[in-house]
Amino acid sequence: MTEIVTLSLENREDFGKEANKKLRKEGYIPAVFYGQEYKDSLRVKVKNSDLSRYANSSHWETVRFEVTLPGGKRELCLMREIQRDILNDEILHVDFIQLVKGHKVHVKVP
């Protein structure tokens, strides 16, 4: 776990089934960012081309990301869950969890 990947998360105003389909056609993956310092989860989107390399690896649960949130704040996080289409294995949705110094996080190590 030495590599830290930089990602930019963009704000996602619309949500729901149809809005998410439209996002995927535009090359984005709908996502949420949550953590202890955030009362509500943030609805965001990330470019598929930026994330797919890491999401399709066998060790995606241990890849650390430094993300830039829509307000400009930078946070460290992990991918907690990836939802995929069962027919074509396309990424449908990603959950990012904030890493906070001093707090334990359980991950599966391949």
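Look above for the structure.
Residues numbered from 1 in each chain as written. Predicted model: local features only at pLDDT ≥ 70, side-chain atom pairs only at ≥ 80, totals over all residues. Heavy atoms only, no water.

(A) Looking closely at the overall build of the chain. Scanning the chain from N- to C-terminus turns up 2 helices and 7 strands. For the chain, the succession of helices and strands along the chain, N to C, is β-β-α-β-β-α-β-β-β. On C-alpha atoms alone, the chain measures out to a radius of gyration of 14 Å, which is about the 13 Å that the 2.2 N^0.38 rule sets for 110 residues. Counting all 110 residues of the chain, 37% fall into the buried class. Contacts spanning at least 24 positions in sequence make up 55% of the contacts within the chain whose residues lie at least 6 apart. (Helix = DSSP H or I, 4+ residues; strand = E, 2+ residues; numbered from the N terminus. Rg over C-alpha atoms; globule rule 2.2 N^0.38 Å. Buried < 20%, exposed > 50% of the residue type's maximum accessible area, 1.4 Å probe, protein only. Contact = heavy atoms within 4.5 Å.)

(B) Just unusual backbone geometry, in detail. Even without being a glycine, aspartate 89 presents a positive backbone phi close to 65°. Checked against the element boundaries, aspartate 89 lands in the loop between strand E6 (74-84) and strand E7 (91-98).

(C) Broad picture of the sheet that holds strand E1 (residues 4-8). Taken in spatial order, the 7 strands line up as E1-E5-E6-E7-E3-E4-E2 in an open sheet, and their pairing is mixed. Because the sheet does not close on itself, it has two edges, and the strands there are E1 and strand E2 (10-11). Sheet analysis places E1 next to strand E5 (residues 64-68), joined by 5 bridges and oriented parallel. Paired with isoleucine 4 across the strands is arginine 64, a residue of E5. On the sheet, helix H2 (residues 48-55) packs against E1, strand E3 (28-35), strand E4 (38-47), E5, E6 and E7 and is oriented at approximately 100° with respect to E4. (Pairing = 2+ DSSP bridges. Axes fitted to C-alpha atoms, helices over the stretch in contact; angles between N-to-C directions.)

(D) Examining the nonpolar core more closely. Leu51, Phe65, Met79, Val94 and Phe96 are the most contacted members of the largest nonpolar core, which has 23 residues in total. When contributions to this core are tallied by element, the ones reaching two or more residues are E1, E3, E4, H2, E5, E6 and E7. Excluding anything up to four places from it in sequence, phenylalanine 96 contacts Leu7, Leu9, Ala31, Val32, Phe33, Tyr34, Leu51, Phe65, Cys77, Leu78 and Met79. (Core = buried A, V, L, I, M, F, W, Y, C linked by side-chain atoms within 4.5 Å.)

(E) The arrangement of the environment of lysine 21 in detail. Relative to the elements of secondary structure, lysine 21 occurs in helix H1 (residues 17-25). Put simply, lysine 21 and asparagine 11 are 10 residues apart on the chain and 16 Å apart in space, counted from C-alpha to C-alpha.

(F) Broad picture of the packing of aromatic side chains. Under the criterion given, the structure shown has 3 aromatic pairs. Residues tyrosine 54 and phenylalanine 65 carry aromatic rings whose centres are separated by 5.9 Å and whose planes lie at 90° to one another, so their mutual orientation is edge-to-face. Here phenylalanine 65 lies in strand E5 and tyrosine 54 lies in helix H2, a separation of 11 residues in the sequence. When its relative accessible area of 13% is taken as the criterion, tyrosine 54 is described as buried. Measuring from centroid to centroid gives 5.9 Å for phenylalanine 65 and phenylalanine 96, while their planes differ by 85°, and the two rings are edge-to-face. Taken together, the residues span a long stretch of sequence, with phenylalanine 65 in strand E5 and phenylalanine 96 in strand E7 at a distance of 31 residues. (Phe/Tyr/Trp six-rings, centres within 6.5 Å; stacked < 30°, edge-to-face > 60°.)

(G) Region of interest: the pairing of E5. Pairing analysis gives 5 bridges linking E5 to E6, with the strands arranged antiparallel. Opposite arginine 64, over in E6, you have leucine 78 as the bridge partner. Counting the residues that bridge the hairpin from E5 to E6 gives 5 residues, and of these glycine 72 lies at a positive phi of roughly 100°.

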